[in-house]
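Listed here are the chains, written in short residue letters.
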Amino acid sequence: LSDIEGAGPTWLSIGTLFGHGGFVKACSFRADGQLLATASRDKTVRLWKMVSNPTQVSQLRKFVCLEVIRCSEELCCVQFASGARIALLVAGTLAGRIYFWNTE
């Protein structure tokens, strides 16, 4: 981002993911930054792993899809949650259902 008044922010894309068959409604990185969960209206949660190890902030990040989790309803949110006892992935649907998965 630019600190110069009036110059506006400078955004540089460092990655693009493809795979969902519908609108992506939410994304969540795991705390270590190595795993990304995406939730879509195509009724799937996709888990993506970063496979590149860039040495500079501006270098491209490469991800591979590790898993596609199919749900019975369109998804609207997803979040990694970790507590003292268990690490979870949580996703919510447009119909009001909430799914939980153990990620340990």
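For the structure, check the block above.
> How would you sum up the pattern of salt bridges? Please name residues and give values.
As enumerated under the stated definition, the model contains 3 salt bridges in all. The salt bridge involving Arg-41 is made with Glu-74; its shortest N-O contact spans 2.8 Å. Here Arg-41, found in the loop between strand 2 (35-40) and strand 3 (44-50), pairs with Glu-74, found in the loop between strand 4 (63-70) and strand 5 (75-82); they are 33 residues apart in sequence, far enough to count as distant. Looking at Arg-41, the relative accessible area reads 35%, which means it is partly exposed. Its relative accessible area of 27% is what places Glu-74 among the partly exposed residues. The salt bridge involving Arg-97 is made with Glu-73; its shortest N-O contact spans 3.2 Å. On the criterion of sequence distance, the pair formed by Arg-97 in the loop between strand 6 (87-93) and strand 7 (98-102) and Glu-73 in the loop between strand 4 and strand 5 is long-range, its members being 24 residues apart.

> Describe the pairing of strand 2, naming the residues involved and giving the relevant values.
With 6 of its 6 residues buried, strand 2 lies for the most part within the structure. Side chains Leu-35, Ala-37 and Ala-39 of strand 2 all project onto a buried face; the interleaved residues Leu-36, Thr-38 and Ser-40 project onto the opposite face, where all are buried too. As defined by bridge partners, strand 1 (residues 24-29) adjoins strand 2 across 5 bridges and the pair is classed as antiparallel. Looking at strand 2, one finds that Val-24 is bridged to Ser-40. Hairpin connection from strand 1 to strand 2: 5 residues lie between these consecutive antiparallel strands, with Gly-33 at a positive phi of about 75°. With 5 bridges joining them, strand 2 and strand 3 adopt antiparallel strand pairing.

Definitions and limits used
- Residues numbered from 1 in each chain as written.
- Predicted model: local features only at pLDDT ≥ 70, side-chain atom pairs only at ≥ 80, totals over all residues.
- Heavy atoms only, no water.
- Salt bridge = Lys/Arg side-chain N within 4 Å of Asp/Glu carboxyl O.
- Helix = DSSP H or I, 4+ residues; strand = E, 2+ residues; numbered from the N terminus.
- Buried < 20%, exposed > 50% of the residue type's maximum accessible area, 1.4 Å probe, protein only.
- Pairing = 2+ DSSP bridges.

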